[in-house]
Amino acid sequence: MAQTERTFMAAIGDEDSITGLLLAGIGHIDSHQKKNFLVVDAKTPLSTVEDAFQEFCKRKDIAIILINQHIAEEIRTLIDEHDQAFPTILEIPSKDHPYDPEKDSVLKRVRRLFGE
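Reading the values: rules and limits
- Residues numbered from 1 in each chain as written.
- Predicted model: local features only at pLDDT ≥ 70, side-chain atom pairs only at ≥ 80, totals over all residues.
- Heavy atoms only, no water.
- Helix = DSSP H or I, 4+ residues; strand = E, 2+ residues; numbered from the N terminus.
- Rg over C-alpha atoms; globule rule 2.2 N^0.38 Å.
- Buried < 20%, exposed > 50% of the residue type's maximum accessible area, 1.4 Å probe, protein only.
- Contact = heavy atoms within 4.5 Å.
- Areas by Shrake-Rupley, 256 points an atom, 1.4 Å probe, with all protein chains shown as cover.
- Lys, Arg positive; Asp, Glu negative; His and termini not counted.
- Charge placed at Lys NZ, Arg CZ, Asp CG, Glu CD.
- Arc of directions from axis to C-beta.
- Salt bridge = Lys/Arg side-chain N within 4 Å of Asp/Glu carboxyl O.
- Patch = residues over 30% accessible without salt bridge, like charges linked within 9 Å, V, L, I, M, F, W, Y side chains within 5 Å.

Caption draft 1: Region of the structure containing the overall build of the protein chain. The helix and strand inventory of the protein chain stands at 5 helices and 4 strands. Along the chain direction, N to C, the helices and strands of the protein chain fall in the order β-α-β-α-β-α-α-β-α. Over its C-alpha trace the protein chain gives a radius of gyration of 14 Å, about what one expects of a compact globule, namely 13 Å for 116 residues. Considering only C-alpha atoms, the protein chain reaches an extent of 45 × 35 × 25 Å along its principal axes. Relative to its 116 residues, the protein chain shows a buried fraction of 37%. The contacts of the protein chain with a sequence gap of at least 6 include a subset with a gap of at least 24, amounting to 64%. Summed over its atoms, the accessible surface of the protein chain is roughly 7,200 Å², and 55% of this surface lies on carbon and sulfur atoms. Measuring between centres, the 14 positive side-chain charges of the protein chain sit 3 Å from its 21 negative side-chain charges.

Here it is, written out as structure tokens:
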């Protein structure tokens, strides 16, 4: 599958973040009823978040995974192990959890690349 066929974004986040992204038009449900998003709340088991992340990483139609940074912290090992260009993982803030650049995996990799 060519990189040009990676046409979707996936999202893992809290209800407010996912609602905003769905209203912006990123939501998709394929013919097998698989969604490209996961709403995470206090009752969502960590295994569900890990499974969704791994599934999104394996899908060949996803170019970018957006994940709330506070949720990314819970699965940091999985995110740090991801070493492929696609899908690209972008950590985003949420309404209740501000963005902390010191925790962002992409910025950590850039700093290592430049020897900082």
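Caption draft 2: Examining the environment of Gly 27 more closely. Relative to the helices and strands, Gly 27 is located in the loop between helix H1 (15-24) and strand S2 (37-39). Separated by 16 residues in sequence, Gly 27 and Ala 11 place their C-alpha atoms 8.7 Å apart. When sequence neighbours within four positions are dropped, the list of residues in contact with Gly 27 reads Leu 22, Asn 36 and Phe 37.

Caption draft 3: Representation of H1. If you check which residues of H1 are buried, you get Ser 17, Ile 18 and Leu 21. Taken end-on, H1 shows its buried residues confined to a sector of 95 degrees, consistent with a single buried face. Opposite the buried face of H1, at more than 90 degrees from it, the exposed residues are Glu 15 and Leu 23. On its buried face, H1 sits against strand S1 (8-13), S2, strand S3 (62-68) and strand S4 (88-92). Immediately beyond the C-terminal end of H1, within one or two residues, lies Gly 25, with a positive phi of roughly 105 degrees.

Caption draft 4: Quick look at the pattern of salt bridges. One pass over the full model with this rule turns up 4 salt bridges. Among the salt bridges present, the one from Asp 16 reaches Lys 95, with a minimum N-O distance of 2.9 Å. A residue pair is termed long-range when its members are at least 10 positions apart, and Asp 16 in helix H1 and Lys 95 in the loop between S4 and helix H5 (105-113) qualify at 79 residues. Asp 61 is the salt-bridge partner of Arg 59, the closest N and O atoms lying 2.9 Å from each other. Classification of Asp 61 by relative accessible area gives buried; the value is 18%. When salt bridges that share partners are traced, they join Glu 73, Arg 76 and Glu 91 into one network.

Caption draft 5: Broad picture of a nonpolar patch on the surface. A contiguous nonpolar surface patch, about 470 Å² in accessible area, is contributed by Leu 90, Val 106, Val 110, Leu 113 and Phe 114. The leading source of residues in the nonpolar patch is H5, at 3 residues. A residue is classified by how much of its surface remains accessible, and Val 110, at 37% relative accessible area, is partly exposed.

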